[in-house]
Amino acid sequence: MADPYGFLKHDRADAKKRPAAERLSDWNEVYLDLDAETRGSQVRTQAARCMDCGVPFCHSGSAGCPLGNLIPEWNDLVRRGDWEQASDRLHATNNFPEFTGRLCPAPCEAACVLAISHDAGGAVAIKRVEQAIADVSWDQGLVKPAQSHVSSGKRVAVVGSGPAGLAAAQQLTRAGHEVTVYERDDRLGGLLRYGIPEFKMEKKVLDRRLSQLRKEGTKFVTGCEVGVDLTVEQLRERFDAVVLAVGALRGRDDTTTPGRELAGIHLAMEHLVPANRACEGDGAPGIDAAGKHVVIIGGGDTGADCYGTATRQGAASVLQLDQYPQPPSQRDDERSPWPVWPWILRTYPAHEEAGERKFAVAVESFVGDEDGHVRQIRLREVRVEKDASGRRVVVPTSEEVQVLPADLVLLAIGFEGVEHMPLLDALGIDLTSRGTISCGSDWQTQAPGVFVCGDAHRGASLVVWAIAEGRSVANAVDRFLTGSSDLPSPVIPN
Ligand code: SF4
């Protein structure tokens, strides 16, 4: 039984970060890697703040955890120091809690009852507890391959090895199907490998989980673009079902700002992928920010990843621009009784290290030199409104134009859905107006026996949603292959 007064006895304490100067000198994770004993005692105190609410909003519902993580249960187990049971209960709903503990912006914390009142001291530090359980589980050897003792005789191909594909593959393998994951890149992990910088999640965290999947029996094929290197006819012949987990990596471009054609202006992923490859030992980082005045357009997750990458590459300056106003957490907004997520999360550790941010501004034009390379941006203050038809419009609020240096401009203004790929043409699958792949209530696309999950279905979203969809599609595929399924299905298609 949880202590209902725990939150009155203990203050919320977030995980400690390494000093900014030290972080900038390497690519390792931002947070301090505490010894097991210290981490354990600190996290037990944080877990003890949980009241074990009768209606735990953190755990489910429209605002809580999409995976239905059993948060009050494992908070209490951690409070009591029962890491083994906590690990069991956490893994019951989440295949990869070490990913979500590091990367998820924690909608559960925004939904926590303690987040409503400032007097309560803030939400339970759920994300920190989750990561600690996952890391302790690995440290203590509690994470073991869970091999299936049955074989269905059915074969499933999973196309894409990001979090959705890996979750689907693990669930289906454990259900007794023969699963092969195809990845077009040379290494596994999708966005987790080449999109997320090392300072947010070191790749050894991904590799140890992949090793578990291999031991369980999931097969992996890298460097294979399904639809090209493996034809749809071969795919159909070899597999009884196919899961598309191909992500939504088509970056939104800026097609209207004068000067966009200048050299030195790139989509965010053109910067992040080679930088992450360099961390894997693949040589030079491609678009290198070293010595450059870097301007990042877009205030979200991807922009922050570019920000931390550029500062670590040794940029002369880094400036991130956002059309929206400064987040409430940075204003004196103590009067509001309501949680400020996701606004509060628009400040990332990378922003504390170096560089500058400007809010409520937009680029009016890019200015180049005689060689056609961007050298400056012209900025105006703006506000974002909706027009009569409900469309978002950006309105200048000042006549004044600021001219700032810019040798490298990175566009981190979102994603527009699934990239063009021959596989979809060959399967006869059309994209929606959002650039995503639609499906029925059984996660099946317009191509019979072909299912979809993750960003390819949902559009670019959180890692926790990718895992939730991967688990749900596994239930649907299992049902399709065998007529029923005991696998969990935490979410329904949108
Ligand atoms: Fe604990 Fe907060 Fe969830 Fe309540 S809402 S059970 S206090 S984590």
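Residues numbered from 1 in each chain as written. Predicted model: local features only at pLDDT ≥ 70, side-chain atom pairs only at ≥ 80, totals over all residues. Heavy atoms only, no water.

**Thoughts on the overall build of the protein chain**
Helix and strand counts for the protein chain stand at 18 helices and 14 strands. Compactness check: the protein chain gives a C-alpha radius of gyration of 23 Å against a globular reference of 23 Å for 494 residues, within 12% of the reference. Over its C-alpha atoms, taken along the principal directions, the protein chain stretches across nearly 70 × 65 × 50 Å. Across the 494 residues in the protein chain, those meeting the buried criterion constitute 51%. Taking the contacts inside the protein chain whose residues are at least 6 apart along the sequence as the reference set, 69% of them involve residues at least 24 apart. For the protein chain, the accessible surface area stands at approximately 21,500 Å², while carbon and sulfur atoms represent 50% of it. For the protein chain, the centre of its 54 positive side-chain charges and the centre of its 69 negative side-chain charges are spaced 3 Å apart. (Helix = DSSP H or I, 4+ residues; strand = E, 2+ residues; numbered from the N terminus. Rg over C-alpha atoms; globule rule 2.2 N^0.38 Å. Buried < 20%, exposed > 50% of the residue type's maximum accessible area, 1.4 Å probe, protein only. Contact = heavy atoms within 4.5 Å. Areas by Shrake-Rupley, 256 points an atom, 1.4 Å probe, with all protein chains shown as cover. Lys, Arg positive; Asp, Glu negative; His and termini not counted. Charge placed at Lys NZ, Arg CZ, Asp CG, Glu CD.)

**Focus: the environment of F359**
Mapped onto the elements, F359 comes out in strand β8 (residues 356–359). For the pair F359 and G298, spaced 61 residues apart in sequence, the C-alpha to C-alpha distance is 10.0 Å.

**Comments concerning the packing of helix α9 (residues 163–174) against helix α18 (residues 463–482)**
Packing of α9 against α18 brings their axes to within 7 Å, and their N-to-C directions diverge by 35°. Handedness of the α9/α18 crossing: right-handed. Residue-level contacts link P163, A164, A167, A168, Q171 and L172 of α9 to V463, A466, I467, G470, R471, V473, A474, V477 and D478 of α18. Among the residues making up the contact of α9 with α18, the classes are represented as 11 nonpolar, 2 polar and 2 charged. (Axes fitted to C-alpha atoms, helices over the stretch in contact; angles between N-to-C directions. Left-handed = near helix turned anticlockwise from the far one by under 90°. Nonpolar A, V, L, I, M, F, W, Y, C, P; charged D, E, K, R; others polar.)

**Focus: the nonpolar core**
Core analysis: the largest hydrophobic core is formed by 93 residues, its most contacted members being W74, V243 and L244. The element best represented in this core is α18, accounting for 10 residues. Taken domain by domain, the makeup of this core includes at least three residues from each of domain 1 (6–139) and domain 2 (155–249 + 416–482). In this structure, L244 is in contact with V159, L423, L424, L427, I429, I437, V450, F451, V452 and C453, ignoring residues within four places of it in sequence. L262, V295, L319 and A406 belong to the second-largest nonpolar core, a separate cluster that totals 17 residues. (Core = buried A, V, L, I, M, F, W, Y, C linked by side-chain atoms within 4.5 Å. Domains from an automatic or database assignment.)

**What about the site of the ligand?**
In the region of the ligand, 13 residues are neighbours, and C50, C53, C58, C112 and V113 sit closest. With 3 residues, helix α4 (residues 71–79) is the single largest residue contributor to the shell around the ligand. The residue inventory of the shell around the ligand, partitioned by class, reads 11 nonpolar, 1 polar and 1 charged. (Near = heavy atom within 4 Å.)

**Overview of the packing of aromatic side chains**
Evaluated as defined, the whole model comprises 4 aromatic pairs. On the numbers, 5.3 Å between centres and 70° between planes, the contact of F451 with F480 is edge-to-face. Linking F451 in strand β14 (residues 450–452) with F480 in helix α18, this pair joins segments that are 29 residues apart in sequence. The class of F480 is partly exposed, set by a relative accessible area of 40%. The ring of Y194 is capped by R277, whose NZ or CZ atom sits 4.2 Å from the centre of that ring. Above the plane of the ring of W465 lies R458, whose end atom (NZ or CZ) is 3.5 Å from the centre. (Phe/Tyr/Trp six-rings, centres within 6.5 Å; stacked < 30°, edge-to-face > 60°. Lys NZ or Arg CZ within 6 Å of the ring centre and 35° of its normal.)

**Describing unusual backbone geometry**
Even without being a glycine, D52 presents a positive backbone phi close to 55°. Looking at where D52 falls in the secondary structure, it is placed in the loop between α3 (36–47) and α4.

**A closer look at the domain arrangement of the protein chain**
Segmentation of the protein chain into domains returns domain 1 (6–139), domain 2 (155–249 + 416–482) and domain 3 (265–411). Domain 2 and domain 3 are separated by 31 Å when their C-alpha centres are compared. Taken together, the contact between domain 2 and domain 3 spans 14 residues of the former and 13 residues of the latter. Here domain 2 and domain 3 share an interface that buries about 1,200 Å² over both sides, 50% of which is from carbon and sulfur atoms. Of all residues in domain 2, R187, Y194 and F199 bury the most surface against domain 3, accounting for 47% of the area lost on that side. The interface formed by domain 2 and domain 3 contains 6 salt bridges. With a closest N to O distance of 3.0 Å, R277 and D186 form a salt bridge. Here domain 2 and domain 3 share 6 residue pairs in polar contact (both at pLDDT 80 or more) between them. A total of 3 residues in the side of domain 2 that touches domain 3 trace back to one element, the largest contributor, which is helix α10 (residues 191–194). Of the residues assigned to the side of domain 2 that touches domain 3, the class counts are 6 nonpolar, 1 polar and 7 charged. (Buried area = accessible area lost by both parts, 1.4 Å probe. Salt bridge = Lys/Arg side-chain N within 4 Å of Asp/Glu carboxyl O. Polar contact = N/O pair within 3.5 Å; in protein donor to acceptor, adjacent residues only side chain to side chain.)

**Observations regarding the sheet that holds strand β1 (residues 155–159)**
On the basis of which strands lie adjacent, the open sheet formed by 5 strands has the order β3-β2-β1-β4-β14 and parallel pairing. For this open sheet the edge positions go to β3 (219–221) and β14, each flanked by a neighbour on one side alone. Mean inter-strand twist for the sheet, computed between neighbouring axes without regard to direction, equals 20°. Bridge count between strand β2 (residues 178–182) and β3: 3 bridges; the pairing is parallel. Along β3, the bridge assignment pairs T180 with K219. Where α9 meets the sheet, its contacts fall on β1, β2, β3 and β4 (241–244), and the angle it forms with β2 comes to roughly 165°. (Pairing = 2+ DSSP bridges.)

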